[in-house]
Structures are given as structure tokens and as C-alpha cells.
Amino acid sequence: MNNGIKQLVILSGKGGTGKTCVTAALAHLASANNPPVSIVLADADVDAANLELLLRPRVLESQDFQGGQAARINEDDCLGCGDCAAVCRFEALKINNGTYRVDPIACDGCAACVFQCPEEAIVMREQIVGQWFRSDSRYGPLFHAALHPAQDNSGKLVTLVKQHARLLAMDENRHLVLVDGPPGIGCPVISAASGADLALIVAEPSTAGVHDMRRVLATTGHFGVPSLVCINKANIHPAGTIEIEAYCRQHGIRLAGRIPFDTGVIEAMVQGEPVTAYRPDSPASRALLAVWAQLKNVLQEEPV
Amino acid sequence: MIIAVASGKGGTGKTTVAASLALAISAAPITFLDCDVEAPNAHLYLEPELMLHKDVGLLIPKVDQQLCTACGRCAEVCQYHAIVVLAEKALVFPELCHGCGSCTLNCPEDAIREVPKVVGELEAGPAVSGINFARGTLNVSEPMAAPVIRQLKNWQPFPESAIVIRDVPPGTSCPVVESILGADFVLLVTEPTPFGLHDLRLAAQLARSLGLPAGVVVNRDGIGDSRVDEFCRKAGLPVLMRIPMERRIAECLARGRPLVKSYPEYLPRFQELYTRIQSLAAANGSEVTLAQIELGS
Amino acid sequence: MKLAISAVEPIINAPFDARFGRCAYFIFVDAETHAWKASPNPALTSGGGAGTQAAQFIAGQGAQAVVSSSFGPNAYEALVAAGIKMYSARAGLVENIFEDFVSGELEEFSPSSDSGKNARHGRHKGARR
């Protein structure tokens, strides 16, 4: 159904567990594979898109992203009756010198006020809330985006970035779409996981990390996306690592590997490279190679 | 005084800093709100006894098909395409619905009433050191965190505290904005790495666009490089505290122990942090920012 | 009977567009007369709910069957409610896909064959483990 192209999404639940570093390393390992696994990359963490810092891509194309809409009141027509504010559930309408004004940040774009205004003084305006980019990187094409701070609709932007990645993969007959996912479990994560053949959960063995890993696994489970777990910074809290391993065993979730805490990862980040490219012999790099081997096995097993 | 502890990037230590700050000044009445409703973690550090509970309901339309004439007005007004009219029936898609109430208001036959759909829950109770603790949790598979955060902020299960500390989710979009709206100060926790810098820039822009004073805590100081410090200097963002990278600290936090409990030498440092925040917030309060003028408040 | 086919361009020999909710155009073809008409998909730039919006659109145009690559759970639910039969195709030109439809060669779409991708309701709960 998808011409044999596989889609792998990297998630975590908790922020800061190392998704982006792992994604960049996998991108490098895919291109260094023998034979090379051709990939298209998508950075689905549109709020805080960091993947480009490790891939140093060349931007080929950029487009404005229209995220949604916000209400706008024509002051001249406004009577100050307040019917709009009475129906607004997002606290986006405030009175100022006798007329009402919309707070575009609080406005959800529901247009309830538009239909309520007796003077028809309110219209909806499309908002340009960010940009998306098509770039070229060392390891393959990269689609990424930047949502302007305080903006909404990251789910839609995630979907757009992924769709472009997928279409390009289909056009160029690439093997794998590699998606760097956002933290959390809400709309942007659901959008990022949608359509994936496999999710790799990068878990951190801290108490908080284990707690959030469970929630993101429940999310991928709910949406029927098979998941593997790899434990990052595994030696920081051995008790946590044991807990994760036991949880995975109990729930029939395959462990993709354990990556030790390794200062080489930060050094590589400062240099703007994946750790596997910068320090191929470091403990983290060797562990990542093992994770990649596991992923290849599972991706090849999955029915199309 | 409401302090929002945010970061942009995940995993920099927001919850660590927010919890330690709360513990350090817990002699005063404080309320701690864990607004990271997708992945709430603060309870691990503050160990609240969550005795109060409230469901978070999003009002979803329910159409009385007997009264419905399939006129299509509801589908016309719905901006999210969560209600469509097909084959003479109005069909509702709850997970697309934002609970705005517009379809209900505009149905000419009054055929729609709203029914709460539970999308999350709020919990509250006393935590260690007399801290009033409340948090929101988004149910797995629910897409929207913002309504849960909004209701958490409005809940007020405790008598009003002079100081409220909000643990904000990572990122810079809707849930983060909702968590920060109404705060007096944004405390940005960062790490001195390229990722930390990149996301700090965005978070600082966010604080600025909301018209709020901000300050920075540099966590894991010593790893990475000096670009975060350079950025803060150029942007006029005061660095209010530094926590060095130390393996023993990382391990203590991984175990779920608050920093100030394992290393009490940090208590006065967090108290000092609060004092600095107080004076920065007070200084800002005297100017009316552009954002406030725009909104007429 | 009227068939809707998702297309990349507004002409009968356009390439097929695999997306339903966010395809660029729908080509409506009369199965008996072979007369056709192209319409831009109003759901293309939708924030959320593109599937439901597209379903509503083609229902409003009188389509009784639709061909796309796959249908998300919301679109599926809406199309079932509207009584519109769903078929899937992979690639090709719209006019060839139409011919396949007429000769009964197109596969009917069923959500279980989509193996849980693009799920939003949690309808496809079985993880492949």
C-alpha cells in the first residue's frame, strides 16, 4: 500500500531523553549502511526543531505556514455590546475604551463571535504562524518547520511536514521516512505517530522518564503503532533501567538497546554532528549501532 | 505573584528547578501547579496526597436527530469540521471538537445540547513542606492539552496563595502559552548546549511576546559551550542561577529526589533566586507593556 | 451513478492523488455517460477535520462512490454515514482508475486492511505484537 516505504517515528513522552540525537545518529547509520538505506527525514518537533543543528542542512525551499485563523473586530462597527465576549470560551475578547478587541494569542479561531455579533463587525483572518522548509542534508532530504512562538496548530504543521517527507520518499523511491517526534502525548505526537510502521521510544531511566515512557507507550498502543524501547543514559539510574526492562517484558515490548551516558554525545552536538559520525568508537555510538541493527530487523519483519 | 517555570527545550530541568524553588520558599504559603498535563512529573518530587479530584470535561455537541432538519447550519459554522451533515443527519466527531459551543448557539431548531466529554482530570492536595499542590493530566489519546491546563488554572481548590509556581510543559506552542498566560514572571531553565540555546531563544521570544519579564537558570553548567551565556548577555536576559553539571546531582534527580533535599546547600541559593525574581517582577510591573496596551487591560 | 476520484490536477488524465482528505482535486465521473467534472478540494488547506470536510463535500456533490488510496477513521465514518462506497487504488491516471472501477477491478476499502495507520479514535487498537 505504501510502495514498501517504511516510516519510523522517534518518541519519548518526557522531553530531553535524546530523541533528536538518536534520530541524527540513525540517519547517519542508515546512509553509512551497506548497502545504504536511503531516507527522507522529517523533524516533527515544530515548536523546538533541533534536528537541523546536527545535520546542518542547506535550505532549498521555504514556505509560509497558515496555521489557522483568528477573529478581528472592525472597531468602527463595534457597539461595545459584549455579545461576542459572552460566547467566547477562550477569554480572547476584552473591552478597551468602549469597543472590543481580540487577543490573537488567546483566540482559538472558533468564530463563535463572528456569528453572534449583531453588527457583523467581526471577520476571521488567516494567520501565518510559521514556516516550513525543504532542505538537503548529508544523510538525505530533510523537511522541517518552525512554528512562531506562542502559536497554535502544531499538529497541522507536523502533518504537513510528514506528508511532504512521505511524498518525496514515494517520488524518489526511498526506503525509509525517519521522523524526529515531539515530546508529550498530545496532538503533535499523535500527528507524528500517525501512519508510522514503527515507533522507537527513547526512554530515560529516571523516575520521571519511566513514568512518561508508560504514557507514550499507551498512546502508541492506542493508535496501533508497534513500538520498541531503547534506554538512553542507561547507567545513570540502574534501578530505572531494570524497571523499564521489566515493564517491556511484561507488555511484550521489544527492547532495541541500551545506550550509556556518554559525554561524547554533547561534544558531537557542539560540533554539529551525530555522535556516530563524530566519535564512532564511543560507547554511545557502539550502542546506537546495535539499536540500528535491531530496528532494521523489525522493519524488515513488518508486513507492508 | 505567579512564576511560570518554562524552557522551550524538554529535559533541561524545569521540574527540578520549580520543585526546588517551591521547597526553598515553602515557609510562605505556596501553590504549585503542574501544568505539564501530557507528562506530569512534579508529584515525584513533591509527593502530594492527591485528595481532591475533578474531571476535565470538554463540552461536545449532541444532536437530537428528531429535531434536526439537516439544514447544515452547524456544519457551516463549525471551523474544525467536527460536525458534518450527511444523509439527512448531523454527525459529530468528538476528537476534532474544540468545545467552542458555536454549533449549539447557531442551530435554528435548538436541536443541539452540550454534553461533557472527559478529556483529563485535575487533582490536588497537600504536598511536603505544606505546599499546596495541584496538577492536570491529559487522558491518553486525547489531542488537546490546553483545555486541561485552562481548567487547572481556574480551579482554585486552595485558598489563594501569595505565591504560585507553575511547572510549564516543554515547547513554545499552545499548551505552553496557556500555562504562562496570567503569570508575572517567566523563569527559563536552559542548558549550555546548542539545543539549549536554540530553544531558549524561542522561549525568550515567547515571554517577550506575552509582555512578561524573564530570567534564566543555567542547568548542567559546564557541559557544552558558552554560546548560551553570550546570548543571554546580548538579549539582556539576566542569568539568575547556575547549577553545575555533576554526576551526583544527575543521579539524585534520576532517583526522584528533589535537589534541595539531597543537597541542602542549595536551599539558600534557591531562596536567593526567589528574591531576584521578586525584584525583577516588581521592576517590570511599573511599566505598562505594549502587549498590555493592545489588549486594553 | 457518480464516482469521485482524488486527483493531483483538475483533468481526467491527471495523476491519481493518494490522499483523500487533502487531495488537490476531486474528479467526479458519471459511470454511465462518462461525463466528468473537476472540483478543487475545499479541505486541502483545512486545519483539522480535513477528512470529514472532504467527505461532506463529495456527499454534497452527489457522489455515491469514491476512490482514494486510504481513508482515515473520521473520513471512513463520515463516508459510511453518507452511504458512499470506498475503493482504493495505488497510482496511475484518473481515467485508467475509472476504467478499472467500471470493469469491477478496484478493491473495496476496508479499515482493517489499513492496519492501524492514521488512526485517531483508537478504533484500530490491535498492535501487531
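Residue positions are given per chain, counted from 1 along the sequence in the order it is written. As they are written, the chains are lettered A onward and the ligands numbered 1 onward, keeping that order. Per-residue local features are limited, in this predicted model, to residues with pLDDT of at least 70; the limit for side-chain atom pairs, both in listing and counting, is 80 or more; totals at the level of whole chains, interfaces and linings are taken over all residues.

### Some points on the overall build of chain C
A run of H or I in DSSP becomes a helix once it reaches four residues, and a run of E becomes a strand once it reaches two; helices and strands are each numbered from the N terminus. Along the backbone of chain C there are three helices and six strands. When the helices and strands of chain C are read in sequence order from the N terminus, they spell out β-β-β-α-β-α-β-α-β. Three exposure classes are used, all based on how many other C-beta atoms lie within 10 Å of a residue's own C-beta (placed from the backbone): buried at 20 or more, exposed at 12 or fewer, and partly exposed between those limits. Counting the 129 residues in chain C, one finds 47% classified as buried. Contacts spanning at least 24 positions in sequence make up 46% of the contacts within chain C whose residues lie at least 6 apart. Contact between two residues is assigned when their C-beta atoms, built from the backbone, lie within 7 Å.

### Points about the overall build of chain B
Broken down by element type, chain B carries 12 helices and 11 strands. Across its three principal directions, the C-alpha atoms of chain B cover 70 × 40 × 35 Å. Looking at chain B as a whole, 56% of its 297 residues are labelled buried.

### Quick notes on the domain arrangement of chain B
All names here are of chain B. Each domain's extent was defined by an automatic or database domain assignment. By domain assignment, chain B separates into domain 1 (2-55 + 119-295) and domain 2 (57-118). A separation of 38 Å is found between the C-alpha centroids of domain 1 and domain 2. Residue-level contacts link four residues of domain 1 with six residues of domain 2. Residue type decides the class: Asp, Glu, Lys and Arg count as charged, Ala, Val, Leu, Ile, Met, Phe, Trp, Tyr, Cys and Pro as nonpolar, and the leftover types, Gly among them, as polar. Counted by class, the side of domain 1 that touches domain 2 contains three nonpolar, no polar and one charged residues.

### Some words on helix 3 (residues 94-102) of chain C
Residues and elements named next belong to chain C. Every buried residue of helix 3 is accounted for by Val94, Ile97 and Phe98. For helix 3, the angular spread of the buried residues around the axis is 105°, confining them to a single face. Gly104 lies just past helix 3 and shows a positive phi near 75°. Our arc is simply the arc of the directions from the helix axis toward the C-beta atoms.

### Description of the interface of chain A and chain B
Facing 57 residues of chain A, the contacting portion of chain B comprises 54 residues. Contributions of two or more residues to the side of chain A that touches chain B are made by strand 4 (93-96), helix 4 (112-116), helix 5 (154-171), helix 6 (187-193), helix 7 (207-222) and helix 9 (263-271) of chain A. If you tally residues by element for the side of chain A that touches chain B, the top one is helix 7 of chain A, at eight residues. Looking at side-chain class alone, the side of chain A that touches chain B contains 24 nonpolar, 23 polar and 10 charged residues.

### With respect to the environment of Thr220(A)
Residue and element names in this part refer to chain A. Tracing the sequence through the fold places Thr220 in helix 7. Since 25 C-beta atoms lie within 10 Å of it, Thr220 is described here as buried. The residues touching Thr220, leaving out its near neighbours within four places in the chain, are Leu11, Ala193, Ala199, Val225 and Ser227.

### A look at the nonpolar core
In this structure, Cys113(A), Val161(A), Ala22(B), Val186(B) and Ile5(C) are the most contacted members of the largest nonpolar core, which totals 246 residues. Ignoring anything within four residues of it in the chain, the contact list for Ile5(C) reads Phe16(C), Phe26(C), Ile27(C), Val29(C), Val67(C), Val94(C), Ile97(C) and Phe98(C). Nonpolar cores are identified as sets of buried Ala, Val, Leu, Ile, Met, Phe, Trp, Tyr and Cys residues joined via C-beta atoms within 7 Å.

### Brief notes about the pairing of strand 3 (residues 36-40) of chain C
Residues and elements named next belong to chain C. Think of it this way: DSSP has to see at least two bridges between two strands before they count as a pair. In the sheet, strand 2 (residues 25-30) pairs with strand 3 via five bridges, with the strands oriented antiparallel. Within the sheet, the bridge partner assigned to Phe26 lies in strand 3 and is Ser39. Linking strand 2 to strand 3, which pair antiparallel, is a turn of five residues; within it His34 sits at a positive phi near 65°.

### A word on the pairing of strand 5 (residues 99-102) of chain A
Side chains of strand 5 of chain A alternate between two faces, with Tyr100(A) and Val102(A) buried and Thr99(A) and Arg101(A) left unburied. A loop of two residues connects strand 4 of chain A with strand 5 of chain A, the two strands running antiparallel in sequence, and Asn97(A) in this loop sits at a positive phi of about 55°.

### Structural notes on the sheet that holds strand 3 of chain C
Residue and element names in this part refer to chain C. Spatially, 3-2-1-4-5-6 is the arrangement adopted by the six strands of the open sheet, whose pairing is mixed. In this open sheet, the two edge strands, each paired with only one partner strand, are strand 3 and strand 6 (107-108). Strand direction decides the pairing type here: strand 5 (residues 85-88) and strand 6, joined by two bridges, are antiparallel. Along strand 6, the bridge assignment pairs Ser88 with Glu107. Relative to the sheet, helix 3 contacts strand 1 (2-7), strand 2, strand 4 (65-68) and strand 5, its axis offset from that of strand 1 by approximately 145°. Angles here are taken between N-to-C directions and fall from 0 to 180 degrees, while the axes themselves are lines fitted to C-alpha atoms, restricted in helices to the stretch in contact.

### A word on the packing of helix 7 (residues 194-209) of chain B against helix 8 (residues 227-235) of chain B
Residues and elements named next belong to chain B. Two numbers describe how helix 7 lies on helix 8: the axes approach to 9 Å, and their chain directions differ by 20°. Comparing their axes, helix 8 and helix 7 come out roughly parallel. With respect to the hand of their crossing, helix 7 and helix 8 are arranged in right-handed fashion. Taken together, the residues of helix 8 that come into contact with helix 7 (itself represented by Gly196, Leu197, Leu200, Arg201 and Ala204) are Arg227, Val228, Phe231 and Ala235. The class makeup of the residues in the contact of helix 7 with helix 8 is six nonpolar, one polar and two charged. Throughout, the term roughly parallel applies to angles under 35 degrees, roughly antiparallel to angles over 145, roughly perpendicular to angles from 65 to 115, and oblique to all others. We call a crossing left-handed when the near helix sits turned anticlockwise from the far one by less than a right angle, and right-handed when that turn is clockwise.

### Here's the deal with unusual backbone geometry
Residue and element names in this part refer to chain A. That bond from Asn34 to Pro35 is cis: its omega, 0°, falls within 30 degrees of zero. Within the fold, Pro35 resides in the loop between helix 1 (19-32) and strand 2 (39-43). Even without glycine at this site, Glu91 takes up a positive phi of about 55°. Structurally, Glu91 can be placed in the loop between helix 3 (83-87) and strand 4. For Glu91, a count of 15 C-beta atoms within 10 Å translates into the label partly exposed.

### Focus on the packing of helix 1 (residues 50-60) of chain C against helix 2 (residues 73-82) of chain C
Residues and elements named next belong to chain C. The geometry of helix 1 relative to helix 2 is characterised by a closest axis approach of 8 Å and an angle of 25° between their N-to-C directions. Between helix 1 and helix 2, the angle is such that the two are roughly parallel. Of the two possible hands of crossing, helix 1 and helix 2 adopt the one that is right-handed. Within the contact between the two elements, helix 1 uses Gly51, Thr52, Ala54, Ala55, Gln56 and Ala59 and helix 2 uses Asn74, Ala75, Ala78, Leu79 and Ala82. Here the residues of the contact of helix 1 with helix 2 are counted per class, giving seven nonpolar, four polar and no charged.

### Here we look at the confidence of the model for chain B
Put simply, chain B has an average pLDDT of 91, and 96% of its residues get 70 or more. On a scale of 0 to 100, pLDDT captures the predictor's confidence in every residue. Counted against residues more than four places away or in other chains, residues 286-297 of chain B, with its pLDDT under 50, gives 16 contacts.

### Quick notes on the confidence of the model for chain C
Residues and elements named next belong to chain C. This prediction gives chain C a mean pLDDT of 83; 85% of its residues lie at or above 70. When the criterion is pLDDT under 50, residues 114-129 qualifies, and its contacts beyond four places in sequence or with other chains add up to 35 contacts. Model confidence for the complex: the whole-complex pTM is 0.83, and ipTM, which rates the interface, is 0.83.

### Here we look at the sheet that holds strand 10 (residues 227-232) of chain A
Residues and elements named next belong to chain A. In space, the nine strands of this open sheet follow the order 3-6-7-2-8-1-9-10-11, with mixed pairing throughout. Either end of the sheet is taken by a strand with one partner, and the two such strands are strand 3 (58-73) and strand 11 (254-259). Averaged over all neighbouring strand pairs, the angle between strand axes comes to 20°, with direction disregarded. Here strand 3 runs beside strand 6 (residues 122-137); their pairing, made up of 14 bridges, is antiparallel. Along strand 6, the bridge assignment pairs Ile73 with Ile122. Set on the sheet, helix 7 makes contact with strand 1 (6-11), strand 9 (198-203) and strand 10; between it and strand 9 the angle comes to about 170°. Lying over the sheet, helix 11 (residues 283-301) contacts strand 1, strand 9, strand 10 and strand 11, oriented at roughly 165° with respect to strand 11.

### Remarks on helix 5 of chain A
All names here are of chain A. The span expected for a helix works out to 1.5 Å for each residue beyond the first. Over its 18 residues, helix 5 extends 26 Å from the first C-alpha to the last, a length consistent with the 26 Å expected when each residue adds 1.5 Å. Counting buried positions over the 18 residues of helix 5 gives 13, a clear majority of the element. Trailing helix 5 by a residue or two, Asn173 shows a phi angle of about 55°, which is positive.

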